[in-house]
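Understanding the architecture of this molecule
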Amino acid sequence: MSIADNVKKVQQSIIDAAVAAGRDPAGITLVAASKTQTPEIIREAFAGGIQVFGENRVQELTANNAAGAYEGAKLHFIGHLQTNKVKQIVGVVDLIESCGSLHLAQAISAQAVKKGITQHILVEVNIGREAEKSGIMPEEVDELLPQIAMLPGIFIDGLMTIAPKPENSTSNRKYFQDMYRIYIDNAKKSCNNISLEILSMGMSADYAEAIACGANMVRVGTAIFGPRAYPAAT
């Protein structure tokens, strides 16, 4: 199947999942996780109907962006962001989905102020409490969300999580349900520089389940681009 065929298949799966959950499919945003893909492949996905791309690595994003790969589309950063690379991302992407600490938020804020812009972000929550993953702990959300929102040059559009690697299509249901409760609880609160309109969760193996549990943004890579071919180690 071509990438365009894969895009259509994923889009239809999103529609089916939303309808099954009694939700409007138009309210679900598909982010194509284009990690390791060439500008040519990214443009092919854009031609196939992808409107939003998500990149995991600063170096790849910078190179592809310089090549005009994302022209006409929105661009998100969805990977682990180191503070020393913040200046390469702030003001370049429409949304940083992976702001997983107050320290990182402060670095984003400083760079945004320096550039005279407002950087839109999602606050990443480590819903699975996995030591190898970034993100604030679920019990820290109530305290840290207002602190991040107070920083100049930042606007919080919602929350994001990377659930544990699923054993099957429904094994992450509990994590998604827990994340949705955190999202709803905080969406009810009034705070400047916060508008929790986005809940980004679910990837190729479990995005339908994430939608059933309340996600309105999903990040899909393999189901669109196929298995990733990583460069050989040198």
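Refer to the structure above for everything that follows.
The structure presented is a predicted model; accordingly, all values stated were derived computationally and were not measured. (Residues numbered from 1 in each chain as written. Predicted model: local features only at pLDDT ≥ 70, side-chain atom pairs only at ≥ 80, totals over all residues. Heavy atoms only, no water.)

Helix and strand counts for the protein chain stand at eight helices and eight strands. Taken against the 2.2 N^0.38 rule, which gives 17 Å for 234 residues, the C-alpha radius of gyration of the protein chain at 17 Å falls within 12% of a compact globule. With the C-alpha coordinates aligned to their principal axes, the bounding extent of the protein chain is approximately 45 × 40 × 35 Å. For the protein chain, with 234 residues in total, the buried portion stands at 48%. Partitioning the contacts of the protein chain with sequence separation of at least 6, the portion at a separation of at least 24 is 59%. Accessible area of the protein chain: about 11,200 Å², with a carbon and sulfur share of 51%. Placing the 21 positive and 24 negative side-chain charges of the protein chain at their respective mean positions leaves the two points 2 Å apart. (Helix = DSSP H or I, 4+ residues; strand = E, 2+ residues; numbered from the N terminus. Rg over C-alpha atoms; globule rule 2.2 N^0.38 Å. Buried < 20%, exposed > 50% of the residue type's maximum accessible area, 1.4 Å probe, protein only. Contact = heavy atoms within 4.5 Å. Areas by Shrake-Rupley, 256 points an atom, 1.4 Å probe, with all protein chains shown as cover. Lys, Arg positive; Asp, Glu negative; His and termini not counted. Charge placed at Lys NZ, Arg CZ, Asp CG, Glu CD.)

Sheet analysis places strand 2 (residues 52–55) next to strand 3 (residues 74–77), joined by four bridges and oriented parallel. Considered in strand 3, the bridge of Glu-55 is made with Phe-77. One crossover worth recording links strand 2 to the parallel strand 3 by way of helix 3 (residues 58–66), and it is right-handed. Examined bridge by bridge, strand 3 and strand 4 (residues 95–99) share two bridges and lie parallel to one another. From the neighbouring strand, His-76 faces strand 4, where its bridge partner is Leu-95. (Pairing = 2+ DSSP bridges. Right-handed = clockwise from strand over helix to strand, strands pointing away.)

A positive phi angle, near 75°, is found at Thr-36, a position not held by glycine. Along the chain, Thr-36 falls in the loop between strand 1 (29–33) and helix 2 (39–47). Even without a glycine there, the phi angle at Arg-129 is positive, about 55°. Its location among the elements puts Arg-129 in the loop between strand 5 (119–125) and helix 5 (141–149). Taking relative accessible area as the criterion, Arg-129 reaches 47% and is therefore assigned partly exposed.

Mapped onto the elements, Ser-34 comes out in the loop between strand 1 and helix 2. The exposure class of Ser-34 is buried, given its relative accessible area of 0%. Taking the C-alpha atoms as reference, Ser-34 lies 8.9 Å from Thr-222; in sequence the two are 188 residues apart. Excluding residues within four positions of it along the chain, Ser-34 makes contact with Ile-42, Phe-53, Gly-54, Glu-55, Tyr-70 and Phe-225. Within the structure, Ser-34 has its side chain in polar contact with the side chain of Glu-55 (distance 2.8 Å). (Polar contact = N/O pair within 3.5 Å; in protein donor to acceptor, adjacent residues only side chain to side chain.)

What follows deals with the pattern of salt bridges. Scanning all chains against the criterion turns up seven salt bridges. A salt bridge links Arg-129 to Glu-139; the nearest nitrogen and oxygen atoms lie 2.9 Å apart. Taken together, the residues Arg-129 in the loop between strand 5 and helix 5 and Glu-139 in the loop between strand 5 and helix 5 connect sequence positions 10 residues apart. Salt-bridge contacts for Lys-133 lead to Glu-130; the nearest nitrogen and oxygen are separated by 2.8 Å. (Salt bridge = Lys/Arg side-chain N within 4 Å of Asp/Glu carboxyl O.)

To continue, consider the packing of aromatic side chains. Taken as a whole, this structure holds two aromatic pairs when the rule is applied. With centroids separated by 6.1 Å and ring planes inclined at 50°, the aromatic side chains of Phe-53 and Tyr-70 adopt a geometry described as tilted. Of this pair, Phe-53 sits in strand 2 while Tyr-70 sits in the loop between helix 3 and strand 3, and the two are 17 residues apart along the sequence. Side by side, Phe-53 and Tyr-70 carry an identical accessibility label, which is buried. Considering the side-chain rings of Tyr-180 and Tyr-183, the 6.3 Å spacing of their centres and the 40° angle between planes classify their relative orientation as tilted. Of the two residues, Tyr-180 and Tyr-183 are both situated in helix 6 (residues 173–187); the distance of three residues between them amounts to about one turn of the helix. Here Tyr-180 falls in the partly exposed class, since its relative accessible area comes to 33%. (Phe/Tyr/Trp six-rings, centres within 6.5 Å; stacked < 30°, edge-to-face > 60°.)

Attention now goes to the pairing of strand 4. On a regular strand, one side chain projects to one face of the sheet and the next to the other, so that they alternate. With five of its five residues buried, strand 4 lies for the most part within the structure. As paired elements, strand 4 and strand 5 share two bridges and run parallel to each other. Residue pairing across strands places Cys-99 opposite Val-123, the latter belonging to strand 5. In this view, the connection linking strand 4 to its parallel neighbour strand 5 by way of helix 4 (residues 102–115) has right-handed handedness.

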